[in-house]
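Fold and contact review
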Amino acid sequence: QVQLVESGGGLVQAGGSLRLSCAASRSIFTFNAMGWYRQAPGKQRELVARITTSGTGGITNYAESVKGRFTISRDNVKNTVYLQMNSLKPEDTAVYYCNADSAIWGESWGQGTQVTVSS
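Residues numbered from 1 in each chain as written. Predicted model: local features only at pLDDT ≥ 70, side-chain atom pairs only at ≥ 80, totals over all residues. Heavy atoms only, no water.

A short note on the side chain of Asp-92
To keep things clear, this is the line we draw: Numbering of helices and strands starts at the N terminus; helices are DSSP runs of H or I of at least 4 residues and strands are runs of E of at least 2. In this scheme, a residue with accessible area under 20% of its type's maximum is buried, one over 50% is exposed, and one in between is partly exposed, where area comes from a 1.4 Å probe on protein chains only. Any N or O atom pair separated by 3.5 Å or less is treated as a polar contact, with the protein-specific requirement of one donor-capable and one acceptor-capable atom, and with residues adjacent in sequence counted only for side-chain atom pairs. It only takes one pair of heavy atoms within 4.5 Å for two residues to be counted as in contact.
In this fold, Asp-92 is placed in the loop between β8 (80-85) and β9 (94-102). The exposure class assigned to Asp-92 is buried, which follows from its relative accessible area of 0%. A polar atom in the side chain of Asp-92 sits 2.8 Å from the side chain of Arg-69. Side-chain polar atoms of Asp-92 contact the backbone nitrogen of Lys-89, separated by 2.8 Å. Sequence-distant contacts of Asp-92, defined by excluding residues within four places in its chain, comprise Arg-38, Arg-69, Phe-70, Ser-87, Val-115 and Val-117.

Below, the structure is given as structure tokens:
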């Protein structure tokens, strides 16, 4: 089993920044990839950013709506994935969920952290 613990959400004004963290209870190398999803009220959950765990850096991909503003990264020692969010917009308001995909453990989700961007 895998536990993912998120932190870093909160309330911020438009144009501000937040950094989300997701600490995994297993080695990051037991996952194929880790990522962040978000779900706004009345909308479906959507992928925000994803990073593979192979190699030293990993391959990243982003939703078009966050490209150039958000950066996903990982700390292999701390088994933690981060999402640096800059130039936040009110439409970024959502519950953000950490996700990990593993051939060993299957798919795992964190409990979610609220991000609210005021205009």
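From this point, the narrative continues.
Things to note about the environment of Gln-114
Mapped onto the elements, Gln-114 comes out in strand β11 (residues 113-118). In the structure, Gln-114 is positioned 17 residues away from Tyr-97 in sequence and 9.0 Å away in space, judged by C-alpha atoms. There is a polar contact of 3.4 Å between the side chain of Gln-114 and the backbone oxygen of Ala-94.

Description of the state of the cysteines
Test applied: Two cysteine sulfur atoms form a disulfide, by the criterion used here, when they sit within 2.5 Å.
Tallied over the full model, the rule gives one disulfide. Note on cysteine connectivity: Cys-22 is disulfide-linked to Cys-98, with sulfurs 2.0 Å apart. Handedness of the Cys-22-Cys-98 disulfide follows from its S-S torsion of about -80°: it is left-handed. Of this pair, Cys-22 sits in strand β3 (residues 18-24) while Cys-98 sits in strand β9, and the two are 76 residues apart along the sequence. For the pair formed by Cys-22 and Cys-98, the shared burial category is buried.

Looking at the pairing of strand β10 (residues 106-109)
Convention followed: Only strands joined by at least two bridges in the DSSP assignment are considered to pair.
Relative to β10, β9 runs antiparallel, the two being bridged by four bridges. Bridge assignment links Asn-99 to a residue of β10, and that residue is Trp-109. In sequence, β9 turns back onto β10 through a hairpin of three residues.

Section: the pattern of salt bridges
Note the following rule: Each reported salt bridge corresponds to a side-chain nitrogen of Lys or Arg within 4 Å of a carboxyl oxygen of Asp or Glu.
In this structure the tally under the stated criterion is four salt bridges. When the shortest N-O distance is used, the salt bridge between Glu-64 and Lys-67 registers 2.7 Å. The class of Glu-64 is exposed, set by a relative accessible area of 63%. The shortest N-O distance in the salt bridge between Arg-69 and Asp-92 comes to 2.8 Å. Of the two residues, Arg-69 is situated in the loop between β6 (60-62) and β7 (70-75) and Asp-92 in the loop between β8 and β9; the sequence distance between them amounts to 23 residues. Bridged by salt links that share partners, the residues Arg-38, Glu-46, Arg-69 and Asp-92 form one connected network.

Considering the sheet that holds β8
What counts is decided by this rule: In this analysis an axis means a line fitted to C-alpha atoms, helices contributing only their contacting stretch, and an angle means the value between N-to-C directions, from 0 to 180 degrees.
Sheet architecture is open: four strands sit in the order β1-β3-β8-β7, paired in antiparallel fashion. Every other strand in the sheet has two partners, leaving β1 (4-7) and β7 as the edge strands with one partner each. On average, adjacent strands in this sheet sit at an angle of 15° to one another, irrespective of strand direction. Here β1 pairs with β3 via four bridges, running antiparallel.

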